Amino acid sequence: MQDILPKTDLRAAVLGKRAAMPPEARAEAGRSIRDALLSLPEMEMAGTVAAYVSVGTEPDTRGLLFALWKRGTYVILPRLLPDGDLDWASYEGPDSLVPGPRGCLEPSEPPRGVGAVASADVVLAPALAADRTGLRLGRGGGSYDRALARVGPAILTVALLYDGEIVPALRAEPHDRRVRAAVTPSDGLVRLG
C-alpha cells in the first residue's frame, strides 16, 4: 500500500507547484476549467450555482463567474464568518465584489445565511487536491467541509484542480466531506467516489 503524505506536507507540495506555474499557464488552465464546467449538462440546467472567487494561485474562477452570471444563472458566493463558517450572498457581476477576510473577495449583497448553499444545484469547492474517493484537501480551516455537510447527496459537488492534483489517496479526518467530482484542465470533469 502506498504511503499517504500528511496533509500539511501535501499542502506545501501542491502550493509550491502552483507557485512555480507561470501566470500564463494558470490563466490557460482557468479558461479550460471554465469551458469544461460551462458545457456540463448539470451546469447548463442549474438554476443556482454556489461558487467562489479564486485567490492567489488557485485555478481562476472570475471568467466562470461572469459567464454564469451573464447567461442568467443565479450565483452565490461565500462570505467568511468570524468562526470560519461560510455565509452566502448573491454575485451581481464583478463590480459587486468587495475585499473580505484573508485577502478574499466576497459579494457585497446582503447575506443569505449559512444554509443558502443547500439550495444550490451545483456546488464548486476550492481544493488543493482530491482523491479517487472524493476526499478533498483544502487549506485546513474546515470552512468548505461545513458547507458541503449542508448539501444534499444528489447535488453535484466539484473540486477545481490543476492537472496532477487528483491523487491516489488522502488521509481522511472525521470532519472531511467528499466531493462527487473534480474538474481539471486536461481531463474536464472526473467523477469521484
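Definitions and limits used
- Every chain is numbered on its own, with residues counted from 1 as its sequence reads.
- In keeping with the model being predicted, local features are shown solely for residues with a pLDDT of at least 70 and side-chain atom pairs are shown and tallied solely at 80 or more, while totals for entire chains, interfaces and linings include all residues.
- Neither water nor hydrogens contribute to the side-chain values; these are computed over all heavy atoms in the structure.
- Note on conventions: DSSP H or I runs of at least 4 residues are helices, E runs of at least 2 residues are strands, and numbering of each starts at the N terminus.
- Accessible area is worked out with a 1.4 Å probe on protein chains only. A residue is then buried under 20% of its type maximum, exposed over 50%, and partly exposed in between.
- A contact between two residues is defined here by any heavy atoms of the two lying within 4.5 Å.
- Polar contacts, as used here, are pairs of N or O atoms within 3.5 Å; protein pairs need one atom able to donate a hydrogen and one able to accept it. Residues neighboring in sequence count only if both atoms are side-chain atoms.
- Only centres within 6.5 Å qualify two rings of Phe, Tyr or Trp (six-membered ring in Trp) as a pair; their planes then separate them into stacked at under 30 degrees, edge-to-face at over 60, and tilted for everything else.
- A pair of strands is treated as paired once DSSP finds two or more bridges between them.

Visitor: Explain the environment of Asp176 to me, please; I cannot follow it from the model alone.
Guide: When you line up the elements, Asp176 lands in the loop between β10 (166-167) and β11 (181-184). Given the relative accessible area of 9%, Asp176 is considered buried. Along the primary structure Asp176 and Arg146 are separated by 30 residues, whereas in three dimensions their C-alpha atoms are 8.6 Å apart. If near-sequence neighbours (up to four positions away) are discounted, Asp176 is found in contact with Lys7, Leu135, Asp145 and Arg171. For Asp176, the side chain forms a polar contact with the side chain of Lys7, separated by 2.8 Å. Side-chain polar atoms of Asp176 contact the side chain of His175, separated by 3.4 Å.

Visitor: I keep staring at the packing of aromatic side chains and nothing clicks. Help me out?
Guide: Aromatic ring pairs: the centre-centre distance and the angle between the two ring planes describe each pair. Within the structure shown, the criterion is met by four aromatic pairs. When the centroid spacing of 5.7 Å and the interplanar angle of 50° are considered together, the rings of Phe66 and Trp69 count as tilted. Taken together, the residues span about one helical turn, with Phe66 and Trp69 both in helix α4 (residues 62-70) at a distance of three residues. In this structure Trp69 comes out as partly exposed when scored by relative accessible area, which is 29%. The structure contains a cluster of three or more aromatic residues connected by ring pairs, namely Tyr52, Trp88 and Tyr144.

Visitor: It is not clear to me how the side chain of Glu106 should be interpreted in this structure. Could you clarify?
Guide: You can see Glu106 is positioned in strand β5 (residues 105-107). Accessibility expressed as a relative area gives 10% for Glu106, which makes it buried. In this structure the side chain of Glu106 is engaged in a polar contact, spanning 3.4 Å, whose partner is the backbone nitrogen of Leu80. What Glu106 contacts, discounting residues up to four positions off in sequence, is Pro78, Arg79, Leu80, Ser96, Leu97, Val98, Gly100 and Pro101.

Visitor: What exactly am I supposed to notice about the pairing of strand β3 (residues 86-90) here?
Guide: Most of β3 sits inside the fold, with five of its five residues counted as buried. Linking strand β2 (residues 74-80) to β3, which pair antiparallel, is a turn of five residues; within it Gly84 sits at a positive phi near 90°.

Visitor: What is the right way to read the side chain of Ser96 from this model?
Guide: Inspection of the secondary structure puts Ser96 in the loop between β3 and β4 (97-99). When its relative accessible area of 6% is taken as the criterion, Ser96 is described as buried. In terms of polar contacts, Ser96 uses its side chain to reach the backbone amide nitrogen of Glu92, at 3.0 Å. If we skip the residues at most four places from it in the chain, Ser96 touches Tyr91, Glu106, Pro107 and Ser108.

Visitor: Would you take a moment to explain unusual backbone geometry for this structure?
Guide: In terms of backbone geometry, most residues other than glycine have negative phi values and most peptide bonds are trans. Even without glycine at this site, Arg102 takes up a positive phi of about 55°. In this fold, Arg102 is placed in the loop between β4 and β5. With relative accessibility at 70%, the residue Arg102 sits in the exposed group.

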